Amino acid sequence: MDAQIRDINLANPDEFEEWKNFLESLGIANFSGAEVDPLDGTIGLFEGDKLVGTGSYSENILKYIGVCHKDTSNGVYFNKVVSSLLTRLGQLGVFHVFVFTKPQYSKSFQHVGFSEIVQSENAAFLETGNYNIKDYLAEIPHLAGDDISAIVMNANPFTLGHRYLVEAAAKRSKHVYVFVVSTDKSLFNSKERLELVKEGTKDLENVEVVSGGDYLVSYATFPSYFLKSDKSKVVYQTTIDALVFKEWIAKNLNIKTRFLGTEPESKTTDVYNEVLRDVLPPEVKVEVIPRKENGSGDIISARTVRLAIKNDNISSIRNIVPTSTYDFIENHLGELQDRIKKGMKIDGN
Amino acid sequence: MEIKKTAMDGTLESSDIQITVSKGTNGVNIDLTSDVKERFGDDIIATIKKVASDFQLDNVNIKAVDQGALDCVIKARAITAIQRALGNSEEPAWEAL
């Protein structure tokens, strides 16, 4: 019988049960809200009423792909599911698509045009479409010399703590790349964060501020940074993130050192730093810069800034952010507070 | 002619080819994935190149994922993807037919 693609509505309990049972029979086990809620769409492949394949997407990432090919030759249903998802995303104007999968399925995705970016012991990370990591790297200015370091930051928003980290790196190496996380899941959007980092480091001549694109601590490589997750998940995702940095970004841009800030208040960042120390050496050295404290022994945290915005008390943060950040907040206070009122979380990253 | 936006046509199912056309800066680039690339890769690329040149595209990136499509299918998918990318799907593509 010819199998048909139909939408699955996961908000309908019956359809959700059928979908979940099907994936469980294929060994997929995690159906927590943190995983399922961000899905933007789910399709099913049906033989009559029987579900024989499914796939979902969340922004430009394919998720929960599973097919049963008991009655067909290998790959027919898989190709049909992936094809429908790519067509669907294409209609939404999304052509650059990622997938996280188990290493043993990497070949199946490569067969339908995906390229593997990195593979770890228990995961593979692939992309397809009209843009790839080589295009991203070609957009970044390449600096000459051997003594090049890098920092990756979300900077939500840029504080004197971030500034301290950048200065320390700038003193210790000839050139510093500052990669600003580009995923838009933070109070300050990616454009604002990038701009504030640029403004706040303008006077440091050996600092190059660039966007981390889809490849550094992005929603694609590292969703747990933006969603609450357990530790094993964070390790699994940060390993991929660290490998992307090491095998592509550091290699291509000749980055020899990665500077890290400490984050006593964020477990996720702690685990991330641990994984970086594990994965990056010896090709890339890892150096940790202790946090800057303000006069009274408190550490400087962007979270304090976000709280002050929420509590309408921004004069309290005047001495922990650069003037450029302060001015921006002052001029956009109402808009930022609106975003918090509309549900933007401020206590995560 | 200049590509305005990325567009796609075709599927990943057997005997079809999925073609994605996007803006390029460096000539006509074709990235082909195919099980039969070794035997027919040059022919597939030549077919797509011919369509691109019929549309007078100087700079374009084309990603083609082939699942054993016949020549006429390759041509049809390439024409549709290019027309969508040029934003003129409504008009018959006289230059390419």
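As recorded in an unreviewed UniProt entry, chain B goes by the name Citrate lyase acyl carrier protein, listed as coming from Fructilactobacillus lindneri DSM 20690 = JCM 11027. Per UniProt, the comment on chain B under Sequence similarities (unreviewed entry) is "Belongs to the CitD family."

An unreviewed UniProt entry annotates chain A as [Citrate [pro-3S]-lyase] ligase originating from Fructilactobacillus lindneri DSM 20690 = JCM 11027. Quoted verbatim from the Catalytic activity (unreviewed entry) field of the UniProt record, the comment on chain A reads "holo-[citrate lyase ACP] + acetate + ATP = acetyl-[citrate lyase ACP] + AMP + diphosphate". If you open the UniProt record of chain A and go to Function (unreviewed entry), you find "Acetylation of prosthetic group (2-(5''-phosphoribosyl)-3'-dephosphocoenzyme-A) of the gamma subunit of citrate lyase."

Peer 1: Help me understand the overall build of chain A in this model?
Peer 2: From N to C terminus, chain A includes twelve helices and twelve strands. Expected size for 349 residues packed as a compact globule is a radius of gyration near 20 Å; at 22 Å, chain A falls within 12% of this value. Within chain A, the fraction of its 349 residues that count as buried is 53%. The contacts of chain A with a sequence gap of at least 6 include a subset with a gap of at least 24, amounting to 69%. Accessible area of chain A: about 15,900 Å², with a carbon and sulfur share of 48%. Here chain A holds 39 positive side-chain charges and 48 negative ones, and the gap between their average locations is 3 Å.

Peer 1: I would appreciate a short explanation of the interface of chain A and chain B in the present structure.
Peer 2: Where interface size is quoted, it is often the accessible area lost as the parts come together. On the chain B side, the residues contacting the 15 residues of chain A number 15 residues. Surface buried jointly by chain A and chain B totals about 1,200 Å² across both partners, of which 56% is contributed by carbon and sulfur atoms. Inspection of the chain A/chain B interface yields one salt bridge. Close ionic contact of E13 of chain B with K80 of chain A constitutes a salt bridge, the shortest N to O distance being 3.7 Å. Elements that contribute at least two residues to the side of chain A that touches chain B include exactly α3 (76–91) and α4 (106–111) of chain A. Split by residue class, the side of chain A that touches chain B holds four nonpolar, ten polar and one charged.

Peer 1: Hey, could you run me through the UniProt feature "modified residue: O-(phosphoribosyl dephospho-coenzyme A)serine" (unreviewed entry) in chain B in this one?
Peer 2: The UniProt record annotates "modified residue: O-(phosphoribosyl dephospho-coenzyme A)serine" (unreviewed entry) at S14 of chain B. By the element assignment, S14 of chain B lies in the loop between β1 (7–9) and β2 (17–23).

Peer 1: What exactly am I supposed to notice about the packing of helix α10 (residues 302–310) of chain A against helix α12 (residues 333–341) of chain A here?
Peer 2: Between two packed helices, what matters for the description is the angle formed by their axes and the separation of those axes. All names here are of chain A. Across the interface, α10 lies against α12 with an axial gap of 9 Å and an inter-helix angle of 95°. The pairing of α10 with α12 is recorded here as roughly perpendicular in orientation. Only L333, L336, Q337 and I340 of α12 make contact with α10, whose side of the interface consists of R306, I309 and K310. When its residues are assigned to classes, the contact of α10 with α12 shows four nonpolar, one polar and two charged.

Parameters at a glance
- Residues numbered from 1 in each chain as written.
- Chains lettered and ligands numbered in written order.
- Predicted model: local features only at pLDDT ≥ 70, side-chain atom pairs only at ≥ 80, totals over all residues.
- Heavy atoms only, no water.
- UniProt positions renumbered as here; feature names shortened; annotations may be inferred.
- Helix = DSSP H or I, 4+ residues; strand = E, 2+ residues; numbered from the N terminus.
- Rg over C-alpha atoms; globule rule 2.2 N^0.38 Å.
- Buried < 20%, exposed > 50% of the residue type's maximum accessible area, 1.4 Å probe, protein only.
- Contact = heavy atoms within 4.5 Å.
- Areas by Shrake-Rupley, 256 points an atom, 1.4 Å probe, with all protein chains shown as cover.
- Lys, Arg positive; Asp, Glu negative; His and termini not counted.
- Charge placed at Lys NZ, Arg CZ, Asp CG, Glu CD.
- Buried area = accessible area lost by both parts, 1.4 Å probe.
- Salt bridge = Lys/Arg side-chain N within 4 Å of Asp/Glu carboxyl O.
- Nonpolar A, V, L, I, M, F, W, Y, C, P; charged D, E, K, R; others polar.
- Axes fitted to C-alpha atoms, helices over the stretch in contact; angles between N-to-C directions.
- Parallel < 35°, antiparallel > 145°, perpendicular 65-115°, else oblique.

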